[in-house]
Amino acid sequence: MNDMIISLENLTIGYDANAVLTGLSLQIRRGSFTALLGANGSGKSTLLKTLLGLIPPLQGRITMEPVNGRPLNFGFVPQQGDFDPVYLLSGFEVALMGVYGRIGAGRFVPSAEKEFVRECLHATGAEAFAKRRFSELSGGQKQRVLIARALATRPDALLLDEPTAGVDTAATQAVMNMISRIHHEHRFTVILVTHDLHLVREYAELVIWLHQGEARIGTVVELLNPQHLAEIMEMEFR
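Residues numbered from 1 in each chain as written. Predicted model: local features only at pLDDT ≥ 70, side-chain atom pairs only at ≥ 80, totals over all residues. Heavy atoms only, no water.

## Re the overall build of the chain
Link 1 in the chain: Scanning the chain for helices and strands turns up 9 helices and 9 strands.
Link 2 in the chain: A globule of 238 residues ought to have a C-alpha radius of gyration of about 18 Å, and the chain, at 18 Å, matches this closely.
Link 3 in the chain: Overall size of the chain, expressed as C-alpha extent along the three principal axes, is 50 × 40 × 35 Å.
Link 4 in the chain: In the chain, which comprises 238 residues, the share counted as buried stands at 50%.
Link 5 in the chain: In the chain, the share of contacts with a sequence separation of at least 24, taken over all contacts with a separation of at least 6, comes to 68%.
Link 6 in the chain: With an accessible surface of roughly 11,700 Å², the chain has 52% of that area assigned to carbon and sulfur atoms.
Link 7 in the chain: Of the side chains in the chain, 22 bear a positive and 25 a negative charge, and the two mean positions are spaced by 6 Å. (Helix = DSSP H or I, 4+ residues; strand = E, 2+ residues; numbered from the N terminus. Rg over C-alpha atoms; globule rule 2.2 N^0.38 Å. Buried < 20%, exposed > 50% of the residue type's maximum accessible area, 1.4 Å probe, protein only. Contact = heavy atoms within 4.5 Å. Areas by Shrake-Rupley, 256 points an atom, 1.4 Å probe, with all protein chains shown as cover. Lys, Arg positive; Asp, Glu negative; His and termini not counted. Charge placed at Lys NZ, Arg CZ, Asp CG, Glu CD.)

If you want it as structure tokens, here you go:
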């Protein structure tokens, strides 16, 4: 079995003909935990959307290794602001969206799928407030529901776009501990967008740092040691 689950070869990504990142080549190992860093506008969310197939690459190639003969399945946790809070849905109904890719939106949801969603809510610690309206939940509670929705897709890889943004310190630690536990239990491949270097040091293995259309790639030890960190920070504020 190929240990690499995602390979990028000389990839250029962006919108229309406007490149955001160019010449990106890297491999992501199956079951690894990768942190994606960079200033606002550096291309982090654009890279996630390209991996998800929402934006076609401008140049280069993305190779994704199949899992048990089927295409790679992603679970995606967006930024909180990307989910419209006016929907009058409960936390359970939001999490249930994760099964629609298998059964189709608007179709009858089998009881087995509903039970699986309850298991996902239990795994993320969201079971107790799943009947409440999603828009009324706290930031940390919303993130737990959205992660449960991603787990309900039965993913091979979890892509998380700043899942702790706007969440207090205690909730951040709880959410990250939960993500780490699920990662270790199920060996999902995790790609986490964050600005929090403390979280990267504590949880990640590989770091991809985006800056001015290019990427630096290395382990946490390699990129977050004082010398390299000072150099990268200097680049960020030029």
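Picking up where we left off.
## Describing the sheet that holds strand β4 (residues 59-64)
Link 1 in the chain: Here 3 strands make up an open sheet; going across it, the order is β2-β1-β4 and the pairing antiparallel. Two strands bound the open sheet, and with one partner strand each, they are β2 (18-29) and β4. Across the sheet, the axes of successive neighbouring strands diverge by a mean angle of 15°, strand direction being ignored.
Link 2 in the chain: Judged from the 5 bridges that link them, strand β1 (residues 4-15) and β4 form a sheet pairing that is antiparallel. Its bridge partner lying in β4, Glu9 is registered against Arg61. (Pairing = 2+ DSSP bridges. Axes fitted to C-alpha atoms, helices over the stretch in contact; angles between N-to-C directions.)

## With respect to the sheet that holds strand β5 (residues 74-77)
Link 1 in the chain: Pairing is mixed in the open sheet, where 6 strands are placed in the order β5-β6-β7-β3-β8-β9. Both outer strands of the open sheet, β5 and β9 (214-219), are each paired with one neighbouring strand and no more. Going from strand to strand, the sheet's axes swing by 15° on average, the running direction of each strand aside.
Link 2 in the chain: Seen against the sheet, helix α6 (residues 169-186) touches β3 (33-38), β6 (157-161) and β7 (189-193) and runs at an angle of roughly 140° to β3.

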